[in-house]
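So the chains spell out like this:
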Amino acid sequence: MFNYAVSGLIYGGAYALVAVCLVVMFRMVRVLNFAQTAIGAIGAYVAIILSEHGWAYLPAALVGAAAGAGVAVICGSLMSAWFADAPTERRSTVAIAIFITLLTLGFRIAGSTPRVAPELFGGSTFRIFGVNVTWAGLAVVLAAIVLAFLVDVFLRGTRLGIRLRAQSERPQTAELLGVPSRWLAVGVWGVTGAITAVGLLVVTPSRGADFLSIGLLILPALAAASLGLFRSTWLAVVGGVGIGIITGMTEYWPEVKQYQDIIPLAVIVIVLMWTQRKEVWDAAR
Amino acid sequence: MEGLELSGFSVDRAGFPIVRKVDLVVPRGQVTVMLGPNGAGKTTLLEAISGLIPASGGTAELDGAKINRASRVKRSRLGLAHVEQGRAVFGELTTFENVLVAAKDRDAAEEAFSTFPELVQRRDTLARSLSGGEQQMLVIARALAMKPSTILVDEMSLGLAPVIVRRLMPIWRRLADEGMAVLLVEQFAALALAIGDEAYVLSRGEVALRAPAKDLAARTEDLRSVYLHGHLPADSPLRGASA
Ligand SMILES: Nc1ncnc2c1ncn2[C@@H]1O[C@H](COP(=O)(O)OP(=O)(O)O)[C@@H](O)[C@H]1O
Ligand SMILES: [Mg+2]
């Protein structure tokens, strides 16, 4: 069973990567970006098709990341043009519309046949304490941790990071001070789009490589990000890896496995109940 | 002209004309005071000058260049700063980070910061936990960190203790003397008029009166009439100067 848990690392790392992106989008761009994985799925799909045409992993992944960034920048520009001064609720609703549009379009174009996705490091493994670990799983979990760390350092310690935090709180006031809020926001869309594409590309060989199932990975990612209420990158990593490991463990019991997709929802509900409990307590004081 | 010049400047809000055909000059080296009762359209006017909302007619020129269609960021790069009403600090940023947002570099931030010794010991405090007076100082320091040539200040004294207002007012005089164009918007007149050069009174979106600040300061009862009725009393000596 331990082997199964460890096999979940690769899901966990990917969920964590996407979840960190969701937290960054929520905090810096004021949008709960339901479209995050639909955008990333396009990038991942581009990489998969390139590798079917004989491209090596790295260049295919880079082009895929660029495609993810490109689609994200288009979405971000639309959001900036039409909903720049709108509240988070409205912007998030727009994100749902983008999610459905991209998923429908992608499904029409890509079809439902699963593709053969390339495996990072050729799926090679190493043994530690008698457990098989894929290099890809280890790499993607480390990548998620490094990303969470970099996001923290960047937002606290650099001038650009400080300006990003400022514009997230008061975009118009920031503009009056010379901060190009809209461009910064579009930049965040682009960077998170690229990272999401790569995260999804890494996890596709294990989770099925048709467009729809890649796009629907928004569910575990949302659940992971909700652990920190979309505020903490670190809790998003913990949430992602945790959900990944639990998902891996369910492979151990075939009768539980069919309910695998409920896990993220269960996590969301439990987190919401937990935090609400605290709020009630606060209010009662 | 060096500074800000509006002609026939109008602003609508939700389809209603709020500011109507305002002519206004804010030259460098002067403190131009704009008074007017609550709801006269002062904030609306400033927001259209800095580009927070669009103007519906007329022109705004900054140092001779038309800025009507420029973005907010572009206007700030041209040297325009806007200290908004209500102390718009970035609450989740520290005091010093607030200043850093606006500064070209650390030196500019340090310099602006040192204008207010009161803030130095609050340097690493989150801006939301500062007092009202400290927050007002912070938004001023933040605007100064941009090294603007023209600055719009919206109701700085609102909600502040008189002692703090008296501490802050002379700053505008000094900055104007150093060559800045200052547009000081206030609802309560005395302290602003004391340091001002030219004064305008806005009433129901129109310039009801324009006069030298010291003349207006000497006749505050006439000012009250403008606030209440939108025009000067028939026997006021300020009538000749009226716009
Ligand atoms: N966002 C808004 N939408 C519609 N009307 C507004 C808005 N803000 C202000 N107003 C109206 O514009 C008028 C002028 O307001 P304002 O510019 O804030 O005046 P002042 O700053 O002189 O007190 C008021 O009648 C107010 O009701
Ligand atoms: Mg006002």
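Each chain has its residues counted from 1, following the order in which its sequence is written. Labels follow written order: the first chain is A, the first ligand is 1, and so on. Selection of residues for local features in this predicted model requires a pLDDT of at least 70, selection of side-chain atom pairs for listing and counting requires 80 or more, and totals for whole chains, interfaces and linings are taken over all residues. Computation of side-chain values: all heavy atoms of the structure, hydrogens and water removed.

- Quoted straight from UniProt, the Sequence similarities (unreviewed entry) entry for chain B says "Belongs to the ABC transporter superfamily." UniProt positions are given in the numbering used here, feature names are shortened, and annotations may be inferred rather than shown by experiment.

- Listed in UniProt under the heading Subcellular location (unreviewed entry), the comment for chain A reads: "Cell membrane".
- If you open the UniProt record of chain A and go to Sequence similarities (unreviewed entry), you find "Belongs to the binding-protein-dependent transport system permease family. LivHM subfamily."

A word on the sheet that holds strand β1 (residues 3-13) of chain B
Residue and element names in this part refer to chain B.
Phase 1 of the analysis: For two strands to be treated as a pair, DSSP must find no fewer than two bridges joining them. For helices the rule is a DSSP run of H or I covering at least 4 residues; for strands it is a run of E covering at least 2, with both sets numbered from the N terminus onward. Taken in spatial order, the four strands line up as β2-β1-β4-β5 in an open sheet, and their pairing is antiparallel. Edge positions in the sheet fall to β2 (16-27) and β5 (65-66), since each of these pairs with one other strand and no more.
Phase 2 of the analysis: Two strands pair when backbone bridges link them, and β1 and strand β4 (residues 57-62) are joined in this way by five bridges, in the antiparallel orientation. Paired with S7 across the two strands is T59, which belongs to β4.

Some words on the packing of aromatic side chains
Phase 1 of the analysis: The rule is short: rings of Phe, Tyr and Trp, with Trp giving its six-membered ring, pair when the centres are within 6.5 Å, and they are stacked under 30 degrees, edge-to-face over 60, tilted in between. Within the structure shown, the criterion is met by five aromatic pairs over all chains.
Phase 2 of the analysis: Ring centres of F26 of chain A and F230 of chain A lie 5.7 Å apart, and the angle between their planes is 55°; on these two criteria the pair is classed as tilted. With F26 of chain A in helix α2 (residues 9-29) and F230 of chain A in the loop between α11 (218-226) and α12 (233-250), this pair connects stretches of sequence that are 204 residues apart.
Phase 3 of the analysis: When the centroid spacing of 5.2 Å and the interplanar angle of 85° are considered together, the rings of F96 of chain B and F113 of chain B count as edge-to-face. Of this pair, F96 of chain B sits in helix α3 (residues 95-102) while F113 of chain B sits in helix α4 (residues 106-113), and the two are 17 residues apart along the sequence.
Phase 4 of the analysis: Charge-over-ring contacts are defined here by two conditions on Lys NZ or Arg CZ: a distance within 6 Å of the ring centre and an angle within 35 degrees of the ring normal. One residue, R123 of chain B, lies across the ring of F96 of chain B, its end atom 3.8 Å from the ring centre.

So, the environment of K74 of chain B
Phase 1 of the analysis: Within the fold, K74 of chain B resides in helix α2 (residues 72-77).
Phase 2 of the analysis: In this structure, the C-alpha to C-alpha distance between K74 of chain B and A181 of chain B, residues 107 residues apart in sequence, is 18 Å.

So, the pairing of strand β10 (residues 206-212) of chain B
All names here are of chain B.
Phase 1 of the analysis: Pairing geometry for strand β9 (residues 198-203) and β10, over six bridges, is antiparallel. Bridge pairing in β10 links L202 to V207.
Phase 2 of the analysis: Between β9 and the antiparallel strand that follows it, β10, lie two residues; R204 among them carries a positive phi value of about 45°.

Some thoughts on the site of ligand 1
All names here are of chain B.
Phase 1 of the analysis: Close contacts around ligand 1 come from R13, I18, P37, N38, G39, A40, G41, K42, T43 and T44, and that covers them all.
Phase 2 of the analysis: We define a polar contact as two N or O atoms separated by no more than 3.5 Å, with the added condition that, inside protein, one atom must be a possible hydrogen donor and the other a possible acceptor, whereas residues neighbouring each other in sequence contribute only through side-chain atom pairs. Within the side chain of N38, one N or O atom sits 3.2 Å away from an oxygen atom of ligand 1.
Phase 3 of the analysis: Here G41 contributes a backbone N or O atom positioned 2.9 Å from an oxygen atom of ligand 1.
Phase 4 of the analysis: Accessible surface area values rest on a Shrake-Rupley calculation with a 1.4 Å probe, where residue burial reflects the displayed protein chains alone. For ligand 1, the protein covers 59% of the area, taking 560 Å² as the surface of the free molecule.
Phase 5 of the analysis: If you tally residues by element for the shell around ligand 1, the top one is helix α1 (residues 42-50), at three residues.
Phase 6 of the analysis: Just so you know the grouping, Ala, Val, Leu, Ile, Met, Phe, Trp, Tyr, Cys and Pro go in nonpolar, Asp, Glu, Lys and Arg go in charged, and all remaining residues, Gly too, go in polar. Considering only residue class, the shell around ligand 1 consists of three nonpolar, five polar and two charged. Nearness is judged by heavy atoms alone; a residue qualifies as near a molecule or strand once a single heavy atom is within 4 Å of it.

Re the pairing of β9 of chain B
Residues and elements named next belong to chain B.
Phase 1 of the analysis: For every residue, the accessible area obtained with a 1.4 Å probe (protein chains only) is divided by the maximum for its type, and the residue is called buried under 20%, exposed over 50%, and partly exposed between those limits. With respect to burial, β9 is a largely interior element, six of its six residues being buried.
Phase 2 of the analysis: Across the two faces of β9 the burial is the same, with E198, Y200 and L202 and A199, V201 and S203 all buried.
Phase 3 of the analysis: Bridge count for strand β3 (residues 31-35) against β9 is four bridges, and the pairing is parallel. Its bridge partner being in β9, T32 is matched across the sheet by E198.

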